Amino acid sequence: MVPGIGCMMTAPEPNRRRAGVRLRVTAFATSVVAAALVLGAVALWAVVRASLYDGLLDGAGQDASAVASQLEESGTGSLGELDDDRLLQVVDSSGTVVSRSEGAPSHPVTSVEDPAEIVQVDGTSYVVAVEEADGGTFVIAGRETTDVDATVGIMTMALAVGIPLLVALVGVVGWLSVGRALAPVERMRRQVGDVTAASLNRRVDEPGTGDEIDRLSRTLNAMLTRLDLAQISQRRFISDASHELKSPLAVLRQHAELALTHPDRVPPAELSATVLEEGARLEALVRGMLLLARADEAALEVERRDVDLDDLLLDEAARLRTTTTLVVDTTGIGAVRVRGDEALLAQVVRNLVDNARGHADARVALSAAASAGLATVTVADDGPGIAVADRERVMHRFVRLDEARARHDGGTGLGLAIVDEIARAHGGSVRLDRDPVLGGARFVVELPVAEDG
């Protein structure tokens, strides 16, 4: 031991590997069957033995009653020596054996006042019964237990041999049955174990039996499908994000290299404007990707408070009138309040308004209303609209139907995807159709209204 150390730390014991399900189920089933068989065998042995001995006792009682009846009719003088292979004794009031069967001892084999059930005579067991006759005379009758003891012994031997064999048979059958039942599980385990990040398209075999194993296989396949789709989405997201980030970075680098090699060709004001513009675009991209990443991980934090959607729409309408020459129709905006995150909902409204501004020819219409427990925000424009085939795709990430104009306007291709994610985080939805009045695209966001009180 190292000096100064009173005791040494012992290494923790490794976790013991638990027995497999097959072994545990087989052992449990075998133990239950073994316990039931042992209890049943003990009960059977006791019932059969008691029944056999009760039969001997009844027979001995009948013998004693018959002799007692003969004594009452004819007296002891008529008995003489009882020529019988059974145990019979006639005892007078003084306790003397006055008559007995051949082979019976000359003294009473049991007390007539407190008779024993079983007695030993010359090494042979007898079940005895005592019957009182007239005149204080008693008759003791006995039946040998040899045959009964032999029968009980045979039954005991049969049970002692048969029960272990039966338990062993149950164990073997249980082991094989459980192994067969678990074979699909083991096969699925091997198949899932072979699945890697590069082979998420693989699926486990479905037995099609409709039982728990079949439901487990369908659940595993559904999980693999979700993982496969998540990985495909992640790869596409990374690829698209990398592609989007390269463009502003390339512009920044080109201008920086040009300013470094030919400073006279790039005025400082132009370089600053380019850096600010592309930096803002990069910042918007990063913010959008971070928000979508949190949404993918179900970690999008929604700080719920009462939010007036009409105020958000009116603010955006004022901004649009100040920065553009578009006609902004706000006559459809009514007082609507929801319970949600004001910053996120403001981003929803801004993204939709910016999208409408980028596609409108001259007019944009904003509206808000509440009906049947839902708040509805509508943003429409008089632009070319969006084809039916593209209406679902346009809500995906990094999708631009007009690539050139979107890049020129500084679009990131994430705005509508962010709208969709924020709406879903608030328990709402987004749909897209054609506006019947303006003729362009119309985005409709539905959110649960705030409850009163």
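Residues numbered from 1 in each chain as written. Predicted model: local features only at pLDDT ≥ 70, side-chain atom pairs only at ≥ 80, totals over all residues. Heavy atoms only, no water.

The name recorded for the protein chain in an unreviewed UniProt entry is histidine kinase, from Agromyces allii. Quoted verbatim from the Subcellular location (unreviewed entry) heading of the UniProt record, the comment on the protein chain is "Cell membrane". (UniProt positions renumbered as here; feature names shortened; annotations may be inferred.)

Enquirer: Honestly, a nonpolar patch on the surface in this entry has me stumped. Any pointers?
Expert: Among the surface-exposed residues, L23, V172, W175 and L176 lie close enough to one another that they form a single nonpolar patch of about 390 Å² accessible area. The greatest single-element share of the nonpolar patch, amounting to three residues, is contributed by helix 2 (residues 146-193). Looking at the secondary structure, you find L176 in helix 2. Its relative accessible area of 53% is what places L176 among the exposed residues. (Patch = residues over 30% accessible without salt bridge, like charges linked within 9 Å, V, L, I, M, F, W, Y side chains within 5 Å. Areas by Shrake-Rupley, 256 points an atom, 1.4 Å probe, with all protein chains shown as cover. Salt bridge = Lys/Arg side-chain N within 4 Å of Asp/Glu carboxyl O. Helix = DSSP H or I, 4+ residues; strand = E, 2+ residues; numbered from the N terminus. Buried < 20%, exposed > 50% of the residue type's maximum accessible area, 1.4 Å probe, protein only.)

Enquirer: Would you mind showing me how to read the sheet that holds strand 5 (residues 138-144) here?
Expert: Where strands meet in a sheet, backbone hydrogen bonds hold them as pairs that are either parallel or antiparallel. Spatially, the five strands line up as an open sheet ordered 2-1-5-4-3, and their pairing is antiparallel. The sheet is open, and its two edges are formed by strand 2 (97-100) and strand 3 (118-121), each paired on a single side. Here the average twist between neighbouring strands, direction ignored, is 30°. In this sheet, strand 2 lies alongside strand 1 (residues 87-91) in antiparallel orientation, the contact comprising three bridges. Bridge pairing in strand 2 places V91 opposite V97. (Pairing = 2+ DSSP bridges. Axes fitted to C-alpha atoms, helices over the stretch in contact; angles between N-to-C directions.)

Enquirer: Where do I start with the environment of S93 in this structure?
Expert: Structurally, S93 can be placed in the loop between strand 1 and strand 2. Expressed as a C-alpha distance, the spacing of S93 and G136, which sit 43 residues apart in the sequence, is 5.1 Å.

Enquirer: Quick question: what am I supposed to make of the packing of helix 6 (residues 342-359) against helix 8 (residues 415-425) here?
Expert: Contact pair helix 6 / helix 8: the axes reach a minimum separation of 9 Å and the direction vectors enclose 145°. Here the hand of the crossing between helix 6 and helix 8 comes out left-handed. In this structure, helix 6 contributes L344, Q347, V348, N351, L352 and N355 to the contact, and helix 8 contributes G415, L416, I418, V419 and I422. Taken together, the residues that form the contact of helix 6 with helix 8 break down as seven nonpolar, four polar and no charged. (Left-handed = near helix turned anticlockwise from the far one by under 90°. Contact = heavy atoms within 4.5 Å. Nonpolar A, V, L, I, M, F, W, Y, C, P; charged D, E, K, R; others polar.)

Enquirer: Looking at this model, I keep getting lost on empty space enclosed by the protein. Mind explaining?
Expert: Left-over empty space is what a probe sized like a water molecule reveals as it rolls over the atoms. Per the stated rule, a full pass over the model turns up one cavity of 30 Å³ or more. Taken as a whole, the largest cavity holds about 40 Å³ of empty space. Contributions of two or more residues to the lining of the largest cavity are made by helix 6 and strand 12 (441-448). Classifying every residue of the lining of the largest cavity by side-chain character gives seven nonpolar, no polar and no charged. (1 Å grid on protein atoms, 1.4 Å probe; cavity = no way out; pocket = protein on both sides within 12 Å on 5 of 7 lines; lining within 4 Å. Points joined across faces, edges and corners; volume = space filled by probe spheres on them.)

Enquirer: Explanation requested: unusual backbone geometry in the structure shown.
Expert: Leaving glycine out, the prevailing phi sign among residues is negative, and the prevailing peptide bond configuration is trans. Unlike most non-glycine residues, D122 shows phi in positive territory, near 50°. You can see D122 is positioned in the loop between strand 3 and strand 4 (124-132). The exposed category is assigned to D122, whose relative accessible area is 74%. Non-glycine residue A372 carries a positive phi angle of around 55°. Tracing the chain through its elements places A372 in the loop between strand 9 (363-371) and strand 10 (374-381). Given the relative accessible area of 81%, A372 is considered exposed.

Enquirer: Is there a simple way to explain the sheet that holds strand 7 (residues 327-333) in this structure?
Expert: Taken together, five strands build an open sheet; the order of strands is 7-9-10-12-11 and the sheet is mixed. Of all the strands in the sheet, just strand 7 and strand 11 (429-434) have a single pairing partner and so form its edges. On average, each strand axis in the sheet is tilted by 15° relative to the strand beside it, whichever way the strands run. In this structure, strand 9 lies alongside strand 10, joined through eight bridges in antiparallel fashion. Counterpart to L366 in the pairing with strand 10 is V379.

Enquirer: Explain the pattern of salt bridges to me, please; I cannot follow it from the model alone.
Expert: Any two side chains of opposite charge can pair, given that their charged atoms come close. The full count for this structure, using the stated rule, is 20 salt bridges. In this structure, the salt-bridge partner of D306 is R339, at a minimum N-O distance of 3.2 Å. Of this pair, D306 sits in strand 6 (residues 305-308) while R339 sits in strand 8 (residues 337-340), placing them 33 residues apart in sequence. Overall, the relative accessible area of 41% leaves D306 in the partly exposed class. Given the relative accessible area of 43%, R339 is considered partly exposed.

Enquirer: Hey, could you run me through the packing of aromatic side chains in this one?
Expert: The way to describe two aromatic rings as a pair is by their centre distance and the angle between their planes. Evaluated as defined, the whole model comprises zero aromatic pairs. Its end group placed over the ring of Y53, R49 keeps NZ or CZ at 4.5 Å from the ring centre. (Phe/Tyr/Trp six-rings, centres within 6.5 Å; stacked < 30°, edge-to-face > 60°. Lys NZ or Arg CZ within 6 Å of the ring centre and 35° of its normal.)

Enquirer: Got a minute to help me understand the side chain of R391 in this structure?
Expert: Mapping R391 onto the fold places it in the loop between strand 10 and helix 7 (403-408). Buried and unpaired, R391 has D433 as its nearest opposite-charge partner, separated by 6.3 Å. Of the polar contacts made by the side chain of R391, one reaches the backbone oxygen of I386; its length is 3.1 Å. The contact partners of R391, leaving out residues within four places of it in the chain, are I386, L432, D433 and R434. (Lys, Arg positive; Asp, Glu negative; His and termini not counted. Polar contact = N/O pair within 3.5 Å; in protein donor to acceptor, adjacent residues only side chain to side chain.)

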